[in-house]
Amino acid sequence: MSERVPFVVVGGGVMGLATAWALTRRGERPLVLEQFARGHTHGASHGATRNFNNAYADEHYLDLLALARDGWDVLGAPGGEPVLRLHGLVSHGDGAALGGTGAGLIEIHDRLRHRGIPAELLDGAEASRRWPGMRFEDTALFSADAGVARASAALQQMERRIVEGGGEVRWQTLVLRFEQHADGVIVHTPAGTVLADIVIVTVGAWTSSVLDGIPLPRLRVTEESPAHFTPRDPARAWPSFNHFVAPGSWPANVYGMPTPGEGVKVGFHSVGDVVDPDARPFRTDKHAEALARYVREWMPGLDADTASPISCTYTSTPNEAFVLDRVGRIVVGAGFSGQGFKFAPGVGTVLAGLALDPDARAAQAFRLR
């Protein structure tokens, strides 16, 4: 088989589907090629929920978050429930923000308010009164315009929109290699070849092997093991949360969110072992004891003895900045460092723009150096 299409998206996780959806919204008919079956657990997009965390101070992330929010809103309410559950996000601790920005809570508060995003600073006593299932010592930042994205529902809805827009998603189609030529990119699969004008690569943990020869930053693939814990009071409402811990007190900063039917997810940020994505051990015990101790100390509303661990992967750049760029006819989306899902519709918009316009550029912080 040999065929020609304008755009091939390699990788059918959330970033690939978001990019293909963005292309269909501009009248294109992209072809998505994904090596695994629909609903697989080998990558980083599976599961019921992902944190919709807006606790950022950097303008390039806030710009991307605004693009993403537009996309999430357009996805609407599949199954009668919005893709975003805006139950709010509370952040607290010493101010060492996720992503290594070093921004304090007051700075994040000011940046959010400047953009018209709800944000309020609370003392520890008020935060403890609002969320008695958690413990607070100092100032907390709360934004009502945050919560979780319904991950599985979002993937299904994006695929539906792609197909309705004339695109195609081919599951269980491995890309063996591709070759750039003057008139296009030849994409080799076991079923034959596809000639594309532009190829967009969003393959997560497989980026370095698929893009051999592209000048990427070092991409570190780790296996992370957060866990769901059972609330002691099932009727109590939970926010999503960030805890920026004092260096050396815990393995890393802590994040989490409620997931109906599974409990409250709690995890350390980026502490896992480096793994080969094709030989991932699906290990979940490395930080299990420390995570249970953390829950006992900081989350009295959860039963620390009920941990149900899960395995997921991070693909991280050295500074945890995303890679959104174009090299010749190849567009790259990579290095989402465990914090990318909430940005997916924005990332898709940027990558689609790079694919459509060779002169387009992402924000400086996201470009290949």
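Residues numbered from 1 in each chain as written. Predicted model: local features only at pLDDT ≥ 70, side-chain atom pairs only at ≥ 80, totals over all residues. Heavy atoms only, no water.

Student: Got a minute to help me understand empty space enclosed by the protein in this structure?
Tutor: One simple way to see leftover space: roll a probe sized like a water molecule over the atoms. Applying the stated criterion across every chain yields a total of 1 cavity of 30 Å³ or more. Computed from the structure, the largest cavity encloses a volume of approximately 50 Å³. Partitioning the lining of the largest cavity into residue classes produces 4 nonpolar, 3 polar and 1 charged. (1 Å grid on protein atoms, 1.4 Å probe; cavity = no way out; pocket = protein on both sides within 12 Å on 5 of 7 lines; lining within 4 Å. Points joined across faces, edges and corners; volume = space filled by probe spheres on them. Nonpolar A, V, L, I, M, F, W, Y, C, P; charged D, E, K, R; others polar.)

Student: Got a minute to help me understand the nonpolar core in this structure?
Tutor: Note that soluble globular proteins tend to have their nonpolar side chains buried in a common cluster. Core analysis: the biggest nonpolar cluster contains 59 residues, and W72, M158, I200, F322, L324, F343 and V347 have the highest contact counts within it. The element that contributes the greatest number of residues to this core is helix α1 (residues 14-25), accounting for 8 residues. Apart from residues lying up to four places away in sequence, V347 is in contact with M15, L64, L324 and F336. Core analysis: the next-biggest nonpolar cluster, separate from the first, contains 28 residues, L122, F136, M299 and L302 among them. (Core = buried A, V, L, I, M, F, W, Y, C linked by side-chain atoms within 4.5 Å. Buried < 20%, exposed > 50% of the residue type's maximum accessible area, 1.4 Å probe, protein only. Helix = DSSP H or I, 4+ residues; strand = E, 2+ residues; numbered from the N terminus. Contact = heavy atoms within 4.5 Å.)

Student: Just checking my understanding: could you explain the sheet that holds strand β6 (residues 120-122) for this structure?
Tutor: Sheet strands line up and pair through hydrogen bonds in the backbone, either parallel or antiparallel. Pairing is mixed in the open sheet, where 8 strands are placed in the order β6-β7-β5-β15-β16-β17-β14-β19. Here the strands that pair on one side only, and so sit at the sheet edges, are β6 and β19 (302-309). The average angle at which neighbouring strand axes cross in this sheet is 25 degrees, direction not considered. Examined bridge by bridge, strand β5 (residues 89-93) and strand β7 (residues 140-143) share 4 bridges and lie antiparallel to one another. Looking at β7, one finds that S91 is bridged to L141. (Pairing = 2+ DSSP bridges. Axes fitted to C-alpha atoms, helices over the stretch in contact; angles between N-to-C directions.)

Student: Quick question: what am I supposed to make of helix α3 (residues 105-114) here?
Tutor: Structurally, the α-helix is built with 3.6 residues per turn, so residues lying three or four positions apart point the same way. Taken together, the buried positions of α3 are occupied by L105, I108, H109 and L112. Buried residues of α3, seen end-on, are gathered within an arc of 100 degrees and therefore sit on one face of the element. What points out from α3, more than 90 degrees from its buried face, is the exposed set I106 and H114. Of the surrounding secondary structure, the elements contacted by the buried residues of α3 are α2 (59-75), β5, β6, β7 and β15 (240-244). (Arc of directions from axis to C-beta.)

Student: I keep staring at the layout of surface pockets and nothing clicks. Help me out?
Tutor: By volume, the second largest pocket is sized at about 150 Å³. As for the second largest pocket, its lining consists of 15 residues, of which W238, P258, T259, P260 and G263 are closest to the centre. Those elements giving two or more residues to the lining of the second largest pocket turn out to be β16 (254-259) and β17 (263-268). For the lining of the second largest pocket, the residue count by class is 7 nonpolar, 4 polar and 4 charged.

Student: Hey, could you run me through the confidence of the model for the protein chain in this one?
Tutor: Segments scoring low in pLDDT should not have their predicted coordinates read at a detailed level. With 97% of its residues at a pLDDT of 70 or more, the protein chain shows a mean pLDDT of 94. Counting contacts from residues 96-101, a segment whose pLDDT is below 50, to residues more than four positions away or on other chains yields 18 contacts. (pLDDT = per-residue confidence, 0-100.)

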